[in-house]
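In case you want the letters, here they are:
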Amino acid sequence: IAFIIVWNTVIIPKGKYNDAIALMDAGNIVEAYEVLIALYGYKDSENKANSIYDKYKAEKLKVAKAGDYVFFGAYEQDNNTTNGKEDVEWLVREEKDGKILVISKYALDCKQYNTSYTDVTWETCTLRKWLNNDFLGAAFSADEKAMIPTVTVSADKNPEYSTNPGKATQDQVFLLSITEANKYFSSDSARQCETTDYAVANGALESGSGNCWWWLRSPGYRLDRAANVNADGSINGGGG
């Protein structure tokens, strides 16, 4: 029996490895990469996967659908600047008309919604400016930025309060509204977000589970507050 178990654990990876090589040769990069990463530790599967990683990222973007994860851009995440930026992983929430809506898998940084304590909307807050200037420039190359369309971001009302949501904006990067956070995530647990070491170093607060709270663009119960998602994934419409 011991001999049969050992024989099976050898023959199955070999078959999958050969399948991955055949997929590479046929130009099916996405399938080949995903088979190879499942075989790390077998022969040169890791080296083979690394050799097609850039092609995989590009091809995955072309075929991504809601629920998939894709890599796009790079940003400091492990708080170790000596090893360079880490690739940013995004969750695809919607695919429509040849475009995909993505949200970062991890909380990448820690910033105030607005740097002064005053009445603001998404249109006028400093976080919007930071995302569409500083973050955009830090996370994406010129070619990558050219791939990100400028879209109309609606001024969704807070469903609990009558605060003024401001005007619609034209942005490349934006926060979700309360309405969108409910639309694109089916439960509190799905909205839970882990933070990176870099974000923690910049002030992000972690719960015991390693999750953090994150901003939404909807106004809170007053215009000097913005709605957010709590560490447990529940939505705080009153704002913080």
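Residues numbered from 1 in each chain as written. Predicted model: local features only at pLDDT ≥ 70, side-chain atom pairs only at ≥ 80, totals over all residues. Heavy atoms only, no water.

Participant: Whenever I open this one, the environment of N50 confuses me. Can you help?
Facilitator: Within the secondary structure layout, N50 lies in helix α3 (residues 45-51). A residue is classified by how much of its surface remains accessible, and N50, at 45% relative accessible area, is partly exposed. Along the primary structure N50 and Y33 are separated by 17 residues, whereas in three dimensions their C-alpha atoms are 8.5 Å apart. (Helix = DSSP H or I, 4+ residues; strand = E, 2+ residues; numbered from the N terminus. Buried < 20%, exposed > 50% of the residue type's maximum accessible area, 1.4 Å probe, protein only.)

Participant: What is the right way to read the confidence of the model for the protein chain from this model?
Facilitator: Segments scoring low in pLDDT should not have their predicted coordinates read at a detailed level. Residue-level pLDDT values for the protein chain average 91, and 94% of them are 70 or greater. When the elements of the protein chain are averaged for pLDDT, helix α1 (residues 2-25) gives the smallest value, 63, and strand β11 (residues 235-236) the largest, 98. This stretch, residues 1-11, has a pLDDT under 50; its non-local contacts, to residues over four places away or in other chains, come to 2 contacts. (pLDDT = per-residue confidence, 0-100. Contact = heavy atoms within 4.5 Å.)

Participant: Mind showing me how you'd approach the sheet that holds strand β1 (residues 69-75) here?
Facilitator: Strand-to-strand pairing in sheets goes through backbone hydrogen bonds, with the strands running parallel or antiparallel. Read across the open sheet, the 3 strands follow the order β1-β2-β3; overall the sheet is antiparallel. Of all the strands in the sheet, just β1 and β3 (99-104) have a single pairing partner and so form its edges. Pairwise comparison of adjacent strand axes, ignoring direction, gives a mean angle of 45° for this sheet. Of the strands in this sheet, β1, β2 (86-96) and β3 are in contact with helix α4 (residues 53-63), which crosses β1 at around 120°. (Pairing = 2+ DSSP bridges. Axes fitted to C-alpha atoms, helices over the stretch in contact; angles between N-to-C directions.)

Participant: It is not clear to me how the sheet that holds β11 should be interpreted in this structure. Could you clarify?
Facilitator: In spatial order, the strands read β9-β10-β11; together these 3 strands make up an open sheet with antiparallel pairing. Two strands close off the open sheet at either side, each with one partner strand: β9 (214-219) and β11. Two elements, strand β10 (residues 226-229) and β11, share 2 bridges in a ladder whose sense is antiparallel. Looking across to β11, one finds that V229 is bridged to I235.

Participant: Can you walk me through the nonpolar core in this structure?
Facilitator: Soluble globular proteins: nonpolar side chains tend toward being buried together. Counting residues in each nonpolar core, the largest one holds 25 residues, and the members touching the most others are Y113, L127, L131, F135 and F140. With 6 residues, the top contributor of residues to this core is helix α5 (residues 126-139). Once residues lying within four places of it in the same chain are set aside, the contact partners of F140 are F72, G73, W90, F135, K145 and I148. (Core = buried A, V, L, I, M, F, W, Y, C linked by side-chain atoms within 4.5 Å.)

Participant: What am I meant to see in the state of the cysteines here?
Facilitator: A covalent bond between the sulfur atoms of two cysteines is referred to as a disulfide. Under the criterion given, the structure shown has 0 disulfides. Unpaired in this structure, C125 has its nearest cysteine sulfur neighbour in C110, at a distance of 14 Å. No disulfide involves C193; its sulfur sits 4.6 Å from the nearest other cysteine sulfur, which is in C212. Taking the relative accessible area as the measure of exposure, C193 reaches 9% and is therefore buried. (Disulfide = S-S within 2.5 Å.)

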